[in-house]
Amino acid sequence: MSRARIVPWLNLTLRSARGLCRTRFMEEQPQGPANPTPMENGTVPCGEKCPPEAQETTVIEGAAKIAFPSANEVFYNPVQEFNRDLTCAVITEFARIQLGAKGIQIKVPGEKEAQKVVVDLSEQEEDKAELKECADLAPGNQPRTAAVGEICEEGLRVLEGLAASGLRSIRFAREVPGLRLVVANDASARAVDLIRHNVQLNEVAHLVQPSQADARMLMYQHQRVSDRFEVIDLDPYGSPAPFLDAAVQAVSEGGLLCITCTDMAVLAGNSGETCYSKYGAMALKSRACHEMALRIVLHSLDLRANCYQRYIVPLLSISADFYVRVFVRVFTGQAKVKASASWGVLSPYSKQALVFQCVGCGAFHLQRLGKATGASGGRVKFSAACGPPVTPKCEHCGQRHQLGGPLWVEPIHDLDFVGHVLEAVSTNPCRFHTSERIRGVLSVITEELPDVPLYYTLDQLSSTIHCSTPSLLQLRSALLHAGFRVSLSHACKNAVKTDAPASAIWDIMRCWEKECPVKRERLSETSPAFRILNVEPRLQANFTIRDDANPSSRQRGLKRFQVNPKANWGPRPRARPGGKAAGEAMENRRRLLQNKRKELAEDPAQRAARLKTFPCKRFKEGTCQRGDQCCYSHRPLIPETTADAARTDCPQTHNQNPPGSGAITGPGVD
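As a convention, each chain's residues are numbered from 1 in the sequence order in which they are written. With pLDDT at 70 or above as the cut-off, local features in this predicted model cover only qualifying residues; side-chain atom pairs require 80 or more to be listed or tallied, and sums for whole chains, interfaces and linings still use all residues. Think of the side-chain values as coming from all heavy atoms in the structure, minus any hydrogens and water.

S.K.: Describe the packing of aromatic side chains, listing the residues and the values that go with them.
M.R.: Here a ring pair, both rings aromatic, is described through the centre-centre distance and the interplanar angle of the planes. The criterion for an aromatic pair is that two Phe, Tyr or Trp rings (for Trp, the six-membered ring) have centres within 6.5 Å, with stacked assigned to planes under 30 degrees apart, edge-to-face to planes over 60 apart and tilted to the rest. Within the structure shown, the criterion is met by four aromatic pairs. With 5.4 Å between their ring centres and 75 degrees between their planes, phenylalanine 322 and tyrosine 323 make a pair best called edge-to-face. Taken individually, phenylalanine 322 and tyrosine 323 each receive the classification buried, so the pair is uniform in this respect. With 4.9 Å between their ring centres and 25 degrees between their planes, phenylalanine 364 and tyrosine 456 make a pair best called stacked. Here phenylalanine 364, found in strand β13 (residues 364-368), pairs with tyrosine 456, found in strand β17 (residues 456-457); they are 92 residues apart in sequence, far enough to count as distant. The cut-offs for exposure are 20% and 50% of the maximum accessible area for each residue type, with area from a 1.4 Å probe on protein chains only; residues under the lower value are buried, those over the upper are exposed, and the others partly exposed. In this description a helix means any DSSP run of H or I spanning at least four residues, a strand means any run of E spanning at least two, and both kinds are numbered starting from the N terminus.

S.K.: Outline the sheet that holds strand β18 (residues 486-489), listing residues and values.
M.R.: Within a sheet, each strand pairs with its neighbour through backbone hydrogen bonds, oriented either parallel or antiparallel. The antiparallel open sheet is built from three strands, whose spatial order is β17-β19-β18. Each having just a single partner strand, β17 and β18 make up the two edges of the open sheet. The pairing of β17 with strand β19 (residues 492-498) spans two bridges and is classified as antiparallel. In the strand pairing of β19, tyrosine 456 is matched with valine 496. Any two strands between which DSSP finds at least two bridges are classified as paired.

S.K.: A description of the pairing of strand β12 (residues 352-358) should follow, citing residues and the corresponding values.
M.R.: Within β12, six of the seven residues are buried, leaving the element largely enclosed by the surrounding structure. As judged from the six bridges shared by β12 and strand β16 (residues 401-408), these two strands associate in the antiparallel manner. Directly across from phenylalanine 356, in β16, lies its bridge partner leucine 403. As paired strands, β12 and β13 are joined by five bridges and run antiparallel to one another. Bridging from a neighbouring strand, valine 355 pairs with leucine 366 of β13. Once β12 ends, the chain turns through five residues before running back antiparallel as β13, passing glycine 362 with a positive phi of about 85 degrees.

S.K.: Lay out the side chain of glutamate 61 with the relevant residues and their values.
M.R.: Relative to the assigned elements, glutamate 61 resides in strand β1 (residues 56-61). The class for glutamate 61 is buried, based on a relative accessible area of 3%. Under this definition, polar contacts are N or O atom pairs within 3.5 Å; protein pairs additionally need one hydrogen-donor-capable and one acceptor-capable atom, and for neighbouring residues in sequence, both atoms have to be side-chain atoms. Side chain to side chain, glutamate 61 and arginine 171 meet in a polar contact 3.0 Å long.

S.K.: Kindly report on helix α16 (residues 472-481), identifying the contributing residues and their values.
M.R.: Counting buried positions over the ten residues of α16 gives eight, a clear majority of the element. Considered for burial, the residues of α16 that qualify are Leu472, Leu473, Leu475, Arg476, Ser477, Ala478, Leu479 and Leu480. On its buried side, α16 packs onto α15 (458-464), β18, β19, α17 (502-515) and α19 (552-555). Backbone geometry just downstream of α16 places glycine 483 in the positive-phi region, at approximately 95 degrees. In this analysis, two residues are considered to be in contact whenever any of their non-hydrogen atoms come within 4.5 Å of each other.

S.K.: Tell me about the state of the cysteines, and please be specific about residues and values.
M.R.: Note that a disulfide, as used here, is simply two cysteine sulfur atoms within 2.5 Å. Counting across every chain of the model gives zero disulfides. Cysteine 394 supplies the cysteine sulfur nearest to cysteine 361, a cysteine that is in no disulfide, at a spacing of 3.7 Å.

S.K.: I'd like a description of the pattern of salt bridges, backed by residues and values.
M.R.: Salt bridges are defined by distance alone: a side-chain nitrogen of Lys or Arg within 4 Å of a carboxyl oxygen of Asp or Glu. Within this structure, the stated rule accounts for 25 salt bridges. Taking the shortest distance from any N to any O, the salt bridge between arginine 196 and aspartate 193 comes out at 3.2 Å. A residue pair is termed a helical-turn pair when its members lie 3 or 4 positions apart in one helix, as arginine 196 and aspartate 193 do in helix α6 (residues 189-202) at three residues. For arginine 196, a relative accessible area of 32% translates into the label partly exposed. For aspartate 193, a relative accessible area of 26% corresponds to the partly exposed category. In this structure, the salt-bridge partner of arginine 510 is aspartate 507, at a minimum N-O distance of 2.5 Å.

S.K.: Describe the environment of isoleucine 66, listing the residues and the values that go with them.
M.R.: When you line up the elements, isoleucine 66 lands in strand β2 (residues 64-69). Along the sequence, isoleucine 66 and asparagine 198 sit 132 residues apart, while their C-alpha atoms lie 5.8 Å from each other. For isoleucine 66, the contacting residues outside a window of four places in its chain are Thr57, Thr58, Val59, Ser165, Leu167, Ile170, Asn198 and Asn202.

S.K.: Pulling in residues and values, what's your account of the pairing of strand β5 (residues 151-160)?
M.R.: A regular strand places its side chains on the two faces of the sheet in alternate fashion. With seven of its ten residues buried, β5 lies for the most part within the structure. Inspection of the sheet shows β5 paired to strand β6 (residues 179-186) by six bridges, in the parallel sense. By the bridge assignment, valine 158 is partnered in β6 with valine 182. With three bridges connecting them, β5 and strand β8 (residues 229-234) associate as parallel partners. The residue of β8 that forms the bridge with valine 158 is valine 231.

S.K.: Go over the packing of helix α2 (residues 81-100) against helix α13 (residues 415-427) with me, naming the residues and quoting the values.
M.R.: α13 packs onto α2 with a crossing angle of 115 degrees between their chain directions and a minimal axis gap of 10 Å. Viewed along their axes, α2 and α13 adopt a mutual orientation that is roughly perpendicular. The handedness of the crossing between α2 and α13 comes out as right-handed. For the pair formed by α2 and α13, the contact residues are Ala89, Val90, Glu93, Phe94 and Ile97 on the first element and Phe417, His420, Val421, Ala424 and Val425 on the second. Of the residues contributing to the contact of α2 with α13, the split by class is eight nonpolar, one polar and one charged. Interaxial angles span 0 to 180 degrees and are taken between N-to-C directions of axes, which are lines fitted to C-alpha atoms, for helices over the stretch in contact. Every angle not falling under 35 degrees, over 145, or within 65 to 115 is termed oblique; those three ranges are roughly parallel, roughly antiparallel and roughly perpendicular. What makes a crossing left-handed is the near helix being turned counterclockwise from the far one by less than a right angle; a clockwise turn instead makes it right-handed. Gly is put with the polar residues, along with every residue not named as nonpolar or charged; the nonpolar set is Ala, Val, Leu, Ile, Met, Phe, Trp, Tyr, Cys and Pro, and the charged set is Asp, Glu, Lys and Arg.

S.K.: Pulling in residues and values, what's your account of the environment of proline 453?
M.R.: Inspection of the secondary structure assignment puts proline 453 in the loop between α14 (435-447) and β17. Judged by its relative accessible area of 12%, proline 453 falls in the buried class. For the pair proline 453 and leucine 366, spaced 87 residues apart in sequence, the C-alpha separation works out to 9.0 Å.

S.K.: Tell me about unusual backbone geometry, and please be specific about residues and values.
M.R.: The residue after glycine 405, namely proline 406, is reached through a cis peptide bond having omega 5 degrees. Here proline 406 is to be found in strand β16. Even without being a glycine, alanine 164 presents a positive backbone phi close to 60 degrees. You can see alanine 164 is positioned in the loop between β5 and α5 (167-175). Note on alanine 164: relative accessible area 15%, which makes it buried. Positive phi values are uncommon outside glycine, yet leucine 454 reaches one of about 65 degrees. On the secondary structure map, leucine 454 appears in the loop between α14 and β17.

Structure (structure tokens):
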């Protein structure tokens, strides 16, 4: 029978056999009540045994209790708890500001108890007087309050566009006061079912509204001023670029946008063309790539907002772990939008700029995109800026420059707002599980120089001239002695953020090299190290340690830069329909490829035996002259047709060799 006839006949036979087996199985089942109705998340009610693939895992984070399917059908990453805790703290302070303007006070759990601990005995009399004044007020004059878990009619409307399991939205409802509505949206029907189940589990159905829709379409439907959200949170898997245009239109006047980007490989300069297509800026490979990523995201947000006569004001910008997170407010104003690409009269700092970075020594220079000058009649004239600020070759090492950007070069934090968040977390440390880390990161942010974009690193400066690395305090002290400002950066542990020009920094490093000299004869005359060290320093550095060189956060030993909490730590794989099986396949592949480029720890005999299991390519081509001394196998290859015939005639041949009979062992051979 031909193959064309065999295949349809086999399919028909197998289909008939499956139908017969299914009929017999149903006839053998005992008659009983109908199957119970499944719950919204796909599980059966309590008391019924669930198959292993339908069992759930319960996770408690903050004040929320979330049920997750054991299979990876809905995305959840426990490493992002710091992200969610910080978001709850930021939205709480934002609600305090917004509702305070309306005369509404918010009540945060644990805040009063924490304040009682720090009250001084001398202040108790003032507290008693205040309590007496409050008691004398009439009931109608009592200040309005908003508590956690209660609907505030004048409160905030929050949208979580990519909710997944609904954990973040449920935490907002159970931990943030002053909310009117929380919309937990996701495009996946499976995720929305899980959101409904978790909302009922946490008893927040009066606040959290599940929604199944495309996040972009949902935000486009809320462009009208009366329908806009006060807070929009977007935490996608990868880049948020497809959602930014809709987000800047759906947020209210002065509203808060919370954006997370986990595509750090793109933002850090590994793929500049991809970064330009997503964010409208070219990313460079730089030691300051994490802060550059933050500034690229802020530039992209401001660029999209400018299309609708709106602009952004950053409140807090964080680079942590494997992602960046920005909190910005969005306002409307035509004059401010015109100033986005200008500097001078309207703004003390430029908003957008290009960056020229030397490929040899890493020195960078900023080029403003435009300028604003005063004209007659009090008018402001906008014009293009003049440049470039650098010569064709670097003045320090003679190498070429790379052009990146545009970047956001105004301050990326509102230090007053950051101070309020830090104070609230410090006085109520039991509110969040990651309070210690939040305190450390925000403390470093308050110490950063707000008007100095980007930074250098200790290892970058020392490796460029091939000298030993000075300590952080020594370099900071030298910069302070020279009259410059210097600070750390929360984005990098070894960062040196300073307003000193590159010429002054290299003069300090030349002075350091004189104390710890390098062997000049080993340096190439065309290398950056030779050209930098061949110039005498015009600035005499003083490396005596100063008291103000050690920042306060470092003296107090705060948790500023967290180490990896566990092995294989980082971004979780994307949620897939395959569930747990797909996740296990991915984990097995990761284990297989782990350390694939590292040499195995084995003695020469084991290595020789392992290499003998691989055929010699040159022997196959007839060009190997080593003979028996070749480290690879020279066994003659069996013709493919002969091998196929042997396997067809004797299917059990490969199992006939008993153990220890000289069978070949090696990779891929059992």
